[in-house]
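# Summary of structural features
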Amino acid sequence: MCGWNVLVQVNPCGSVPPHVWLERSGTVNPSHVALFHLMCGWNVLVQFNPCCSVPPHVWLERSDDATGYGPIFEEEPLDIVYTKESPDRLISMNCRARANPAPTYRWRRDNWEIKLMELPNEHYSLVGGNLIINNPEEKKHAGTYVCVAKNVYGTVISKEAKVKFGYLEEFPDEERDPVTVKEGQGAVLLCAPPKRWPTEVTFRWIYNEFPVFLHPDKRRFVSQSTGNLYISKVEASDAGNYSCYVFNPQIGKGVYSKFIPLISTEETAPEWAVTINNTQKDVGSEHTMSCVANGKPGPYIRWLKDGYSYGKGELKFSSLTFEDSGMYQCIAENYWGIIYASAELRVIACAPTFELNPVKKYLLGANNGRVVIECKPRAAPRPRFTWTKGKEVLFNNSRISIMFDGSLEILNATRNDEGVYTCLAENDRGKANSTGTLTITEATQITVAPEDTQVMVGEEVHLQCQASFDPSLDITFIWSLDFRVIDFYLEWKHYERIMDSGELKIMNVQLRHEGRYTCTAQTVVDNVTASADLKIKGLPAPPGGVRVEEIRDTSVKLVWNRGADHGSPILGYTIQTRDFYALTEVDWRDASTSPTALDRMSVMADVVDLYPWMEYEFRVYATNEFGDGEASIPSMKIKTWDAVPVVAPTNVGGYGGKDGELIITWTPVQPQYFYGKKFGYVVAFKPHDDVDWWYETISDPETRRYVHRDASFRVKSNDFQVREFQVKVKTFNSKGDGPYSLSTTIYYPRDVPSESPTDVYSRPVSSHEALVWWIPVKYWRKYDDTEPGANRIFVPASMNQTRLENMLPDSHYLIEVRAYNGAGVGPPSEHCEMFTKRAPPSVAPQMWRYISYSGKWLYVMFRKTGYITGPIYMTGWHFIDFPMPQVGDYELEVRGRYEGGDGPIRKISLAAMLLLALCIVGLGI
């Protein structure tokens with residue numbers, strides 16, 4: 001313009017003004033003012049003189065967009081696995097970029113741009129830079145996504161993120177074939193897991209019933225790649241039904257296979273289970289000979305008679321003859337061996353005889369009772385029986401009958417049935433008879449019967465039982481619980497029978513003592529019984545089948561089965577949780593539930609206020625009027641869904657260091673508050689007067705400090721003020737960003753502290769410790785150590801005292817205190833001198849029948865053998881008298897107390913006595 005050229009040379013550093021100069025050109029184009037926009041935020045303004053021969057006026061000024069910059073990603077989308085079981089029914093893909101001016105965001109799927117602005121979409125929406133997909137469908141929304149951020153300075157594209165749909169199909173409904181294996185050999189149970197995505201799942205095996213899971217050990221191994229169960233050496237106890245359980249932690253779903261029977265076989269040689277014995281049978285009678293042998297495979301049974309083959313399996317004789325007599329052998333054999341059993345069968349015929357088994361001479365029967373008089377002579381073939389009472393022949397009627405074996409039965413016997421009874425036996429070879437006298441006694445009757453009773457656990461109960469009986473007889477009482485006779489010798493802790501009567505005393509009643517108690521009054525003639533039910537009231541039984549049916553981010557749906565109430569109605573249930581970070585196996589905590597109160601009819605509830613992305617297991621216990629019952633078996637472990645973090649780091653602070661370092665510190669968030677995977681921190685900071693924040697992403701969740709280096713932070717010679725910085729820290733995970741902490745001001749120091757602490761004072765505590773005070777620490781032995789090798793301890797600025805430890809006893813120490821900041825340490829204080837105390841002797845007080853010690857004081861503690869604590873006595877004398885109980889053995893501990901601390905302990909064992917005099921002899925030190 002006006003024949004002048006403006007030449008500009010821009011400096012590579014945008015903060016340095018460009019170089020501008022003028023030169024004359026041959027072209028004249030009059031104008032008054034021109035404006036040129038340069039890079040790096042500089043403008044060149046030129047004002048021309050009306051007289052073109054006068055050079056124009058040129059100046060520089062900073063443009064408004066001097067602090068602008070293009071997009072820089074702070075958060076990029078991550079791969080996502082979505083499942084139909086997701087409670088939110090949406091996918092959130094995060095994208096955040098730092099830029100000035102603020103960027104606009106667009107998204108692409110499989111290289112095709114998603115039209116978020118032009119056309120409304122029922123599935124896609126944009127929140128900030130985050131892409132939200134509502135009610136996702138696999139065919140429409142699976143694919144590769146990228147985020148595009150753009151402003152006037154340029155465009156950036158994020159890394160690719162894949163959206164895949166997770167699933168876990170059910171096992172087929174077909175029954176699984178059994179697996180048969182010999183004991184001692186190996187076995188493989190195939191899981192054959194269903195189709196799934198992601199493929200990373202965990203495999204477990206259920207044994208016989210849910211929730212009994214198989215625990216792998218040295219013999220049993222579960223492959224986490226195929227799911228197969230391997231058993232190296234099968235034992236008999238391994239036999240049972242097995243189900244493969246597949247759990248996908250990313251989608252929170254598990255499925256079970258049909259049960260697979262495992263049949264354990266063992267090939268063994270035959271062994272006799274039932275064998276044959278010598279037998280004598282009557283001619284014409286029936287007889288069966290059998291033997292049973294165990295073995296694998298099952299043994300084959302065959303017979304020999306007098307050395308010749310005689311059949312197989314079981315031998316049956318419908319009518320024995322004398323030719324059937326002989327020696328029989330049973331043979332059992334399989335692949336692994338053969339065994340023999342021998343016995344004689346003797347077929348006999350003889351006239352009846354009562355020599356070996358006569359009718360009892362004196363018989364007793366109860367009035368109105370049943371009487372059976374046995375008649376069992378030896379005879380072959382079977383004889384015919386005839387009974388007489390005195391001279392009267394007896395025939396079968398409504399009260400009297402002759403049984404098949406020859407015994408005489410009399411029903412509702414009375415005194416009129418007393419008399420002499422004779423049994424006559426006759427066959428084709430002869431006849432014989434035998435006689436006995438019947439006496440009728442008074443019948444036994446229950447006069448005081450036990451009554452139904454209800455008691456509480458721990459109480460004592462008495463069950464009465466009394467009976468009337470014939471005075472000529474003896475009576476005994478027998479007690480049984482649910483038809484099991486009580487053994488008073490083995491169960492003396494709880495059961496006692498009162499000897500003068502039939503009364504039963506049950507002490508310290510427990511739940512297992514509940515049932516029907518039966519008292520039996522028995523004589524040699526008859527017996528009578530009476531029963532009563534004992535109900536025990538106590539704590540409720542544990543619920544069963546505790547399982548998780550629905551999983552969410554901060555809650556789950558828990559289901560259980562009711563347990564027995566043990567005689568007292570259940571008032572309610574309590575759910576307890578144990579998470580991954582529980583300190584011990586018994587570290588259970590009461591859970592918050594919805595509904596809050598779980599009444600006696602409850603069998604399910606929502607457990608709320610859980611940590612997202614946390615592994616949990618649950619248990620349930622019931623409560624009745626007697627208290628809390630035993631807790632159930634814990635449920636299977638599950639992990640809650642992930643969520644955006646809500647807890648910010650605490651204690652955010654920091655300081656300036658050397659050479660332009662800015663150190664920012666914070667207390668890391670506890671792991672239970674991570675709420676998801678890929679947890680980290682975003683550190684934001686800026687000079688106090690600046691508007692824009694600087695951001696740094698920290699991916700390590702354990703990190704507690706960040707050091708930023710910037711040469712511009714260095715203190716210059718003309719800086720007279722301490723520089724201030726604002727800092728704050730927030731958390732993030734794969735689901736999104738959490739809140740920022742409160743902003744904190746930290747300072748960059750101009751120099752190290754210029755003044756030393758004053759009024760340093762120290763005092764020894766023991767032979768190894770000392771206390772140090774000062775006003776706003778390095779310490780060493782004066783003559784034995786050098787100052788460069790001194791011990792150091794750092795103390796926060798808010799404290800003005802500390803404890804020095806691990807010092808040497810009986811030593812002369814020098815102590816100095818310095819102030820420090822990020823730039824270094826200040827000048828030392830004046831040295832403080834101090835002597836540590838003498839150490840106690842390393843040898844315990846000597847002890848034989850009496851005890852000697854050295855020192856100022858003596859501590860004496862005695863306790864009963866087997867106990868942890870006991871009374872303590874202290875004396876400064878050379879003896880001590882103290883009372884002691886008369887019963888039991890005791891341990892006596894003696895130790896000296898010295899200026900430098902307590903000495904070692906000496907122990908002795910003492911028998912009980914009325915008064916113990918302890919004599920002490922000082923040794924001097």
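A short tour of the structure in this document, coming up. All values reported here derive from a predicted model rather than from experimental measurement. (Residues numbered from 1 in each chain as written. Predicted model: local features only at pLDDT ≥ 70, side-chain atom pairs only at ≥ 80, totals over all residues. Heavy atoms only, no water.)

### Regarding the pairing of strand β25 (residues 260-265)
Strand residues, when the strand is regular, have side chains that alternate between the two faces of the sheet. Taking every second residue as pointing to the same face, the buried face of β25 carries Ile260, Leu262 and Ser264, while none of Pro261, Ile263 and Thr265 on the other face is buried. Two strands pair when backbone bridges link them, and strand β17 (residues 179-182) and β25 are joined in this way by 4 bridges, in the parallel orientation. Residue pairing across strands places Thr180 opposite Ile263, the latter belonging to β25. One ladder, built from 3 bridges, connects strand β23 (residues 240-248) with β25; its direction is antiparallel. Looking across to β25, one finds that Gly240 is bridged to Leu262. (Buried < 20%, exposed > 50% of the residue type's maximum accessible area, 1.4 Å probe, protein only. Helix = DSSP H or I, 4+ residues; strand = E, 2+ residues; numbered from the N terminus. Pairing = 2+ DSSP bridges.)

### Overview of the pattern of salt bridges
Side chains bearing opposite charge may pair, as long as their charged atoms lie close to each other. Summed over all chains, the structure comprises 28 salt bridges. We note a salt bridge from Arg219 to Glu235, for which the minimum N-O separation is 3.5 Å. Of the two residues, Arg219 is situated in the loop between β20 (202-207) and β21 (220-222) and Glu235 in the loop between β22 (229-231) and β23; the sequence distance between them amounts to 16 residues. Between Arg589 and Asp587 there is a salt bridge whose closest N-O contact spans 3.8 Å. Taken together, the shared-partner salt bridges in this structure form one network comprising Glu74, Glu75, Arg96, Arg98, Lys730 and Asp737. (Salt bridge = Lys/Arg side-chain N within 4 Å of Asp/Glu carboxyl O.)

### So, the sheet that holds β22
Backbone hydrogen bonds are what pair the strands of a sheet, in a parallel or an antiparallel way. Strand order in this open sheet of 3 strands is β18-β22-β21, and the pairing throughout is antiparallel. Two strands in the sheet have a free side with no partner beyond their single neighbour: β18 (187-189) and β21. Across the sheet, the axes of successive neighbouring strands diverge by a mean angle of 15 degrees, strand direction being ignored. Note: β21 against β22, 3 bridges, orientation antiparallel. (Axes fitted to C-alpha atoms, helices over the stretch in contact; angles between N-to-C directions.)

### Details of the packing of aromatic side chains
Counted according to the given criterion, the structure contains 20 aromatic pairs. For the ring pair Tyr611 and Tyr673, a centre distance of 5.3 Å and an interplane angle of 80 degrees mean the geometry is edge-to-face. Here Tyr673 lies in the loop between β65 (661-667) and β66 (680-687) and Tyr611 lies in the loop between β60 (604-608) and β61 (615-624), a separation of 62 residues in the sequence. Since its relative accessible area comes to 25%, Tyr611 is described here as partly exposed. Owing to a relative accessible area of 25%, Tyr673 belongs among the partly exposed residues under this scheme. Members of the aromatic cluster, each reached through a chain of ring pairs, are Phe213, Tyr245, Phe247 and Tyr256. A cation over a ring is seen here: Lys728 above Trp693, with NZ or CZ 4.3 Å from the ring centre. Between the NZ or CZ atom of Lys728 and the centre of the ring of Tyr740, over which it lies, the distance is 4.4 Å. (Phe/Tyr/Trp six-rings, centres within 6.5 Å; stacked < 30°, edge-to-face > 60°. Lys NZ or Arg CZ within 6 Å of the ring centre and 35° of its normal.)

### Describing the side chain of Ser480
By the element assignment, Ser480 lies in strand β49 (residues 476-481). Judged by relative accessible area, Ser480 falls into the buried class, the value being 10%. Discounting residues that sit within four places of it in the chain, Ser480 has contacts with Val485, Ile486, Arg516, Tyr517 and Thr518. (Contact = heavy atoms within 4.5 Å.)

### Observations concerning the nonpolar core
Ranked by size, the top nonpolar core spans 21 residues in total, and within it Trp205, Leu229, Tyr242 and Val246 carry the most contacts. Only β18, β20, β22, β23 and β25 provide two or more residues apiece to this core. Of all the elements, β23 adds the most residues to this core, at 3 residues. (Core = buried A, V, L, I, M, F, W, Y, C linked by side-chain atoms within 4.5 Å.)

### Observations concerning a negative patch on the surface
A contiguous patch of negative charge, built from Glu170, Asp173, Glu174 and Glu175, is present on the exposed surface. As for its position among the elements, Glu170 is in the loop between β16 (161-168) and β17. (Patch = residues over 30% accessible without salt bridge, like charges linked within 9 Å, V, L, I, M, F, W, Y side chains within 5 Å. Areas by Shrake-Rupley, 256 points an atom, 1.4 Å probe, with all protein chains shown as cover. Lys, Arg positive; Asp, Glu negative; His and termini not counted. Charge placed at Lys NZ, Arg CZ, Asp CG, Glu CD.)

### What about the state of the cysteines?
Inspection of the entire model under this criterion finds 5 disulfides. Cys95 shares a disulfide with Cys147; S-S distance 2.0 Å. Handedness here is read from the sign of the S-S torsion; for Cys95 and Cys147, about -80 degrees, the answer is left-handed. Linking Cys95 in the loop between β8 (90-93) and β9 (96-100) with Cys147 in strand β14 (residues 143-151), this pair joins segments that are 52 residues apart in sequence. Here Cys95 and Cys147 have matching classes, each one buried. Note on cysteine connectivity: Cys191 is disulfide-linked to Cys244, with sulfurs 2.0 Å apart. Around the S-S axis, the bridge from Cys191 to Cys244 shows a dihedral of about -75 degrees and counts as left-handed. Of the two residues, Cys191 is situated in the loop between β18 and β19 (196-197) and Cys244 in strand β23; the sequence distance between them amounts to 53 residues. (Disulfide = S-S within 2.5 Å.)

### A closer look at the sheet that holds strand β47 (residues 461-463)
In space, the 3 strands of this open sheet follow the order β47-β52-β51, with antiparallel pairing throughout. One side of each edge strand has no neighbouring strand; the edge strands of this open sheet are β47 and β51 (495-497). Across the sheet, the mean angle from the axis of one strand to that of its neighbour is 20 degrees, orientation sign disregarded. In the sheet, β47 pairs with strand β52 (residues 504-506) via 3 bridges, with the strands oriented antiparallel. Within β52, the position partnered with Val461 by the bridge is Ile506.

### Quick look at unusual backbone geometry
A cis geometry characterises the amide bond from Asn100 onward to Pro101, with omega recorded as 0 degrees. As for its position among the elements, Pro101 is in the loop between β9 and β10 (104-109). Omega for the peptide link from Ala380 to Pro381 comes to 0 degrees, which places this bond in the cis form. Relative to the helices and strands, Pro381 resides in the loop between β38 (378-380) and β39 (384-389). Of note in this structure, Asn135 is not a glycine but carries a positive phi near 45 degrees. The exposure class of Asn135 is partly exposed, given its relative accessible area of 42%. Even without being a glycine, Asn412 presents a positive backbone phi close to 50 degrees. With respect to the helices, strands and loops of the structure, Asn412 is situated in the loop between β42 (408-410) and β43 (419-427).

### A short note on a nonpolar patch on the surface
Taken together, the side chains of Val188, Leu190, Phe221 and Tyr230 make up a nonpolar region of the molecular surface, amounting to roughly 370 Å² of accessible area. Assignment of secondary structure puts Leu190 in the loop between β18 and β19.

Don't take any of this as a statement about function, it's just geometry.
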